[in-house]
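Chain by chain, the residues run as shown.
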Amino acid sequence: MHMVTLTKGVPDFREGKVSFDEDGHLERGKTPTVMNPNDKIALKAALQTKVRQGGTVSLMSMGPPGYKEVLQEGMEDVYADDLYLLSDREMGAADTWATAMTIATGIDQLEEEPDLIFAGFKTADGETGHTGPQTNWCIDINEDLTDRPIITHVISLEIDDEEETVRAKRLVEGDISEIETVEADLPAFIVTDPEFEPSYRKADHRLKYKDLREETQERAENLDLDEDVTVWNHEDLNLDPDFIGLDGSPTIVSGVDPIPKGPSEREATMIDPDDEAGMESVFEELNQYAAGD
Amino acid sequence: MTEYEHYEAVVVGAGPGGATAAATLAEQGVETLVLERGVDAGSKNVSGGLLYAEESAPYTIDNVFPGIREAATERPVDDHYIHNISGNKVKTFDLGELHHHDTEWCDAVLRRKMDSWLAQRVHEKTRETGGGLLTEVRVNGLLREGGQIVGVTLDELDPITADIIIAADGVNSELARDAGLMDWDEPEEWFQGVKAVVEMDPETINDRFDISDDEGDAHLFSGDLFDGVRGGGFLYTNESSLSIGTVFHLDSIADERAEPHELLDNLLTHPLMDQWFEGEYEEREYSAKLVPDSKKVAHPSPHRGRLLLVGDAAGQMQAQGPVIKGMNHAVTAGGLAAEAFAEAKARGNPDAAGNLYEQKLDAEGVMEKLRPPRYRATRALSESDAVSNIGSKLLDSPVGGVGLKLFGSVVEKAYNSPYLLGMIPDTRLTYVDVPTRIGEVLGSEVVDENEIEPPELDDRIGDLTYNVDDPHIEVLDNSFEASGTAVTACPVSAQGFGGGCYREETIKTNGSEKKKVSLDTQPCVECGTCAVVADTHWEHPSGGKGVEFKQG
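Residues numbered from 1 in each chain as written. Chains lettered and ligands numbered in written order. Predicted model: local features only at pLDDT ≥ 70, side-chain atom pairs only at ≥ 80, totals over all residues. Heavy atoms only, no water.

Novice: Mind laying out the pattern of salt bridges, listing which residues take part and the relevant values?
Specialist: Residues and elements named next belong to chain A. For the structure on display, the rule yields 54 salt bridges over all chains. Close ionic contact of aspartate 81 with lysine 50 constitutes a salt bridge, the shortest N to O distance being 3.1 Å. Here lysine 50 lies in helix H1 (residues 37-53) and aspartate 81 lies in the loop between helix H2 (68-77) and strand S5 (82-86), a separation of 31 residues in the sequence. For aspartate 81, a relative accessible area of 23% gives the class partly exposed. Its relative accessible area of 12% is what places lysine 50 among the buried residues. (Salt bridge = Lys/Arg side-chain N within 4 Å of Asp/Glu carboxyl O. Helix = DSSP H or I, 4+ residues; strand = E, 2+ residues; numbered from the N terminus. Buried < 20%, exposed > 50% of the residue type's maximum accessible area, 1.4 Å probe, protein only.)

What follows is the structure, given as structure tokens:
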């Protein structure tokens, strides 16, 4: 079983790590970049499949050279056999579409077509949730790659080696009580839900998991970022710069508006219900909405 | 028939007994799976803290795990004293002779550090056989087919079958109970220990105990400082901490409605302790554990079918007066159980492992240490009230006092006699009255003042780490008569204290009042006391859940 997990570097939004300026803009320079937390969940799904079925797990990202450390983080905290970074200036400032195009080409470039591609549920910075499904669409239109079904919001996963199928439980409505089970042929594209939980009910699986975790941590610790990460630029991938990066991005960001403060952060005036004048002003204030304007 | 995952050997519990069994099995090429329910081996394990290697024992832990003393134990303990206390008067006897009897070496240990180190070695050894060690997995019972034990059932994993199951799952062994080999009914069969690990930097320890870096002390305490509850206290020097605790007969704790944490405080605040604290006291961890009284419960035939019990699970804990030895016997038993299986298998009859194990325990003299025939012979007489009363009276009389004065050195000698200690009866006379009288008649006054303040119980509980799970204990009868003793006997509960496990409640109905007991398992330290003194359905929390000891 050959698997690829897709990931992106995102600002570390955890308390104490993230830094904002006075206007509430993220200070990228002062905020460390980490592996998108949802992608770690996707990588855990890939590791679970490796533990149960065997095979290899590749971890792939598109981004600046600094993302090598993001890949290393995935290898250390979860698992990876090998790391791929699609990176050059032409790929910069890509929207989800141009990213999907680039990643699909990266997958095409791999020696072996993956049986399973894993992606996490949306990134912590972009929050679109588009890149995974769009990548699968780009795989579909790529004549060298096999069309594959996509299963999103996956919370658990079973592979049937003999039948070459994947059976997944997916969270339908965000409510844990609404779960549907779907089955699809391999190869397939899996998007994990944040609720995904790896499951190891056999001692043998837990022992293998322990071995693999030990092995990947050691590999990550001794990783030579220059030698051990495969980096492909647009030429390696034979990509036309007009179709990738900023030039290949149909999305135009015209401006950014700050998100209004939440209700709890708005200013409130406290009025005692026994304060007649005060209560009168409340009714006056509400009156303008009562007309239905 | 269901296809189960199968291992040649399953060892439940990664303490010294389980670790030795697993390592010995692995060395014989047996495919061995070790299952430990703590987040880490040692995180559920508490002991007073002295680990012996006996000259007469077929297995010692450093033979099985070379390098353990350098890597994972605390200080070697060479000097051993007992302090007989009466008020502020103390008479100290040197127990050196007893301590060195049959002792190759003796180290103080902290279980988290030691067991965690052992587990690493065990995993490496067993992994080579195709097995390995898993943590955070709770074995919850025996798997049977046609009435025969064929494997184990677990919370986190599907059932596993095995040719041999070694239950080294501790004093509250759920497997021993499931097999009907042990019960938790009689408080007389148990001791309960509580312990504080107290911060002290190595130089201060060296200075205050007058020892060097590679020396350690053991001190025992008995007399009138424990409100008449039968038992005593201990202090062992670790590398950078002290293990200080108290151990009492559980029936005595129950009958006297004693609060174990207060008895510990009685020791901690005694003037005698000031020489070591000098007014400073910082507690790293409070812990508790039940201790089986091997004289009564060491199972003479600790096996059933494919199940072999090792260590505390089999009641193999020798506590005879100042002799407190458990881990060394667990190590021996673990080695013998493994050896028994390997031999039985080689003879083509693996089912004979149980009987072979029993024979080995006898042949190697383990059973004789655990259940001295002398104790059984003299028990009926010495534990009868009549004898105790005469003994007490004699001791209190001027004649008794003079006798003690004249024969002080003889008494010291008696304390150092393993032969006599094997007969020591479990009465107030031996545990309380004799030491008190010794202190009174022979002792000298301690003039120091001990002003330290041990933490309150809620701080002790608050400092422990818990991963709270669903309640693992159910009170079956919540009447005060059936389960009220737990309010005081539980080491993390106390009368009038709302933050513990067991609370006393008065329920008023139709003009009448009834005392009931309520339970919140959140602060549970999993000692098992309430399983014995109250009417409960008692299980361990699932793998990785419940209390996590950092010292142990």
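Read on, since the account is not over.
Novice: With reference to specific residues and values, describe the sheet that holds S5 of chain A.
Specialist: By way of backbone hydrogen bonds, the strands of a sheet pair with one another, either parallel or antiparallel. Residue and element names in this part refer to chain A. Read from one edge to the other, the open sheet built from nine strands follows the order S9-S8-S7-S10-S6-S1-S4-S5-S11, with strand pairing classed as mixed. Taken across any chain shown, the strands that pair with only one partner, and hence form the sheet edges, are strand S9 (179-185) and strand S11 (229-232). Strand-to-strand twist across the sheet, computed as the mean angle between neighbouring axes with direction ignored, equals 30°. Alignment of strand S7 (residues 150-160) against strand S8 (residues 165-171), held across six bridges, turns out to be antiparallel. Looking at the pairing, serine 156 lines up with lysine 169 of S8. H1 contacts strand S1 (2-7), strand S4 (56-62), strand S6 (116-119), S7 and strand S10 (188-192) of the sheet and is inclined by roughly 170° relative to S1. Contacts from helix H3 (residues 96-109) reach S1, S4, S5, S6 and S11, with the element oriented near 145° to S4. (Pairing = 2+ DSSP bridges. Axes fitted to C-alpha atoms, helices over the stretch in contact; angles between N-to-C directions. Contact = heavy atoms within 4.5 Å.)

Novice: Tell me about the interface of chain B and chain A, residues and numbers included.
Specialist: Between chain B and chain A, the residue contacts involve 16 residues of the former and 10 residues of the latter. Across the chain B to chain A interface the summed buried area is about 1,200 Å²; carbon plus sulfur atoms make up 46%. Three residues, Glu5, Arg127 and Leu134 of chain B, lead the burial of chain B against chain A; their summed loss comes to 38% of the area buried on that side. Scanning the region where chain B abuts chain A turns up two salt bridges. Counting every contact that joins chain B to chain A gives nine residue pairs in polar contact (both at pLDDT 80 or more). (Buried area = accessible area lost by both parts, 1.4 Å probe. Polar contact = N/O pair within 3.5 Å; in protein donor to acceptor, adjacent residues only side chain to side chain.)

Novice: Can you explain the packing of helix H1 (residues 16-27) of chain B against helix H12 (residues 327-346) of chain B? Please cite residues and give values.
Specialist: Residues and elements named next belong to chain B. Two elements in contact, H1 and H12, have axes whose closest approach is 7 Å; the angle formed by their N-to-C orientations is 30°. Put simply, H1 runs roughly parallel to H12. H1 and H12 meet at a crossing whose hand is right-handed. Between H1, through Pro16, Gly17, Thr20, Ala21, Thr24 and Leu25, and H12, the contact on the second element is made entirely by Met327, Ala330, Val331, Gly334, Gly335, Ala338 and Phe341. Here the contact of H1 with H12 is composed, by residue class, of eight nonpolar, five polar and no charged. (Parallel < 35°, antiparallel > 145°, perpendicular 65-115°, else oblique. Left-handed = near helix turned anticlockwise from the far one by under 90°. Nonpolar A, V, L, I, M, F, W, Y, C, P; charged D, E, K, R; others polar.)

Novice: Lay out the domain arrangement of chain B in plain terms, naming residues and giving numbers.
Specialist: Residues and elements named next belong to chain B. Under the domain assignment used here, chain B contains domain 1 (5-74 + 109-182 + 299-370), domain 2 (76-104 + 184-292 + 375-454) and domain 3 (469-548). The straight-line distance from the C-alpha centre of domain 1 to that of domain 2 is 30 Å. Contact with domain 1, which involves 33 residues of that partner, is made by 36 residues of domain 2. Here domain 1 and domain 2 share an interface that buries about 2,800 Å² over both sides, 62% of which is from carbon and sulfur atoms. Area buried by domain 1 at its contact with domain 2 is led by Val46, Glu74 and Pro322, which between them contribute 22% of it. Applying the counting criterion to the domain 1 and domain 2 interface returns three salt bridges. The salt bridge involving aspartate 102 is made with lysine 369; its shortest N-O contact spans 3.9 Å. Run the count over domain 1 and domain 2 and you get seven residue pairs in polar contact (both at pLDDT 80 or more). Broken down by secondary-structure element, the contributors of at least two residues to the side of domain 1 that touches domain 2 are strand S3 (50-54), strand S18 (318-320) and strand S19 (323-325). For the side of domain 1 that touches domain 2, the per-class residue count stands at 12 nonpolar, 11 polar and 10 charged. (Domains from an automatic or database assignment.)

Novice: Please provide a residue-by-residue account of the nonpolar core, values included.
Specialist: Residues and elements named next belong to chain B. Residues Leu242, Ile244, Phe277, Tyr502 and Val525 are the most contacted members of the largest nonpolar core, which totals 67 residues. Both domain 2 (76-104 + 184-292 + 375-454) and domain 3 (469-548) contribute no fewer than three residues apiece to this core. Sequence-distant contacts of tyrosine 502, that is, excluding residues within four places in its chain, are made with Ile473, Val475, Ala486, Val487, Cys490, Ser493, Val517, Ser518, Leu519, Cys530 and Thr536. Grouped together as the second largest cluster of nonpolar side chains are 49 residues, Ala23, Ala72, Leu336 and Leu361 included. (Core = buried A, V, L, I, M, F, W, Y, C linked by side-chain atoms within 4.5 Å.)

Novice: For unusual backbone geometry, give the residues involved together with the corresponding values.
Specialist: A cis geometry characterises the amide bond from leucine 186 of chain A onward to proline 187 of chain A, with omega recorded as -5°. For proline 187 of chain A, the position within the fold is in the loop between S9 and S10. Of note in the backbone geometry, lysine 122 of chain A takes a positive phi value of approximately 40° without being a glycine. Its location among the elements puts lysine 122 of chain A in the loop between S6 and helix H4 (131-141). The class of lysine 122 of chain A is partly exposed, set by a relative accessible area of 28%. Even without glycine at this site, glutamate 136 of chain B takes up a positive phi of about 60°. Looking at the secondary structure, you find glutamate 136 of chain B in the loop between strand S7 (132-134) and strand S8 (139-145).

Novice: I'd love a proper account of the packing of H3 of chain A against H4 of chain A, names of residues and values included.
Specialist: All names here are of chain A. Following both chains from N to C, one finds H3 and H4 inclined at 55°, their axes separated by 8 Å at the closest point. Between H3 and H4, the crossing angle belongs to the class labelled oblique. Read as a crossing pair, H3 and H4 show a hand that is right-handed. Within the contact between the two elements, H3 uses Thr96, Trp97, Thr99, Ala100, Met101, Ile103, Ala104 and Ile107 and H4 uses Thr131, Gln134, Thr135, Trp137, Cys138 and Ile139. Residue composition of the contact of H3 with H4, grouped by class: nine nonpolar, five polar and no charged.

Novice: Quick rundown of the pairing of S4 of chain A? Include the residues and the values.
Specialist: Residue and element names in this part refer to chain A. For S4, a buried count of six out of seven residues is recorded, marking the element as mostly surrounded by other parts of the structure. Note that S1 and S4 share six bridges and pair parallel. Its bridge partner lying in S4, histidine 2 is registered against threonine 56. Handedness of the S4-H2-S5 crossover: right-handed. (Right-handed = clockwise from strand over helix to strand, strands pointing away.)

Novice: Before we move on, can you summarise the sheet that holds strand S20 (residues 444-445) of chain B with the specific residues and values?
Specialist: Residue and element names in this part refer to chain B. Strands sit in the order S15-S11-S14-S13-S12-S4-S5-S20 across an open sheet of eight strands; the sheet is mixed. Every other strand in the sheet has two partners, leaving strand S15 (283-292) and S20 as the edge strands with one partner each. Pairing geometry for strand S5 (residues 89-94) and S20, over two bridges, is antiparallel. Looking at the pairing, valine 90 lines up with serine 444 of S20. Packed on one face of the sheet, helix H9 (residues 260-268) meets strand S11 (190-199), strand S12 (216-223), strand S13 (231-237), strand S14 (241-249) and S15 and runs near 125° to S14.

Novice: Could you give an account of the pairing of S3 of chain B, with specific residues and numbers?
Specialist: Residue and element names in this part refer to chain B. Along S3, five of the five residues are buried, which leaves the element largely enclosed by surrounding structure. The alternating pattern of S3 places Leu50, Tyr52 and Glu54 on one face and Leu51 and Ala53 on the opposite face, and all of these are buried. Of the pairings in the sheet, the one linking S3 to strand S6 (residues 103-108) comprises five bridges and is antiparallel in character. Considered in S6, the bridge of leucine 50 is made with alanine 108.

Novice: How would you summarise a negative patch on the surface if you had to cite specific residues and measurements?
Specialist: All names here are of chain B. Taken together, Asp78, Asp79, Asp94, Asp201, Glu203, Asp207, Asp210, Asp213, Asp214 and Glu215 make up a surface patch of like negative charges. Among the elements of the structure, strand S4 (77-86) and helix H7 (202-209) are those that each provide at least two residues to the negative patch. Note that aspartate 207 resides in helix H7. (Patch = residues over 30% accessible without salt bridge, like charges linked within 9 Å, V, L, I, M, F, W, Y side chains within 5 Å. Areas by Shrake-Rupley, 256 points an atom, 1.4 Å probe, with all protein chains shown as cover. Lys, Arg positive; Asp, Glu negative; His and termini not counted. Charge placed at Lys NZ, Arg CZ, Asp CG, Glu CD.)

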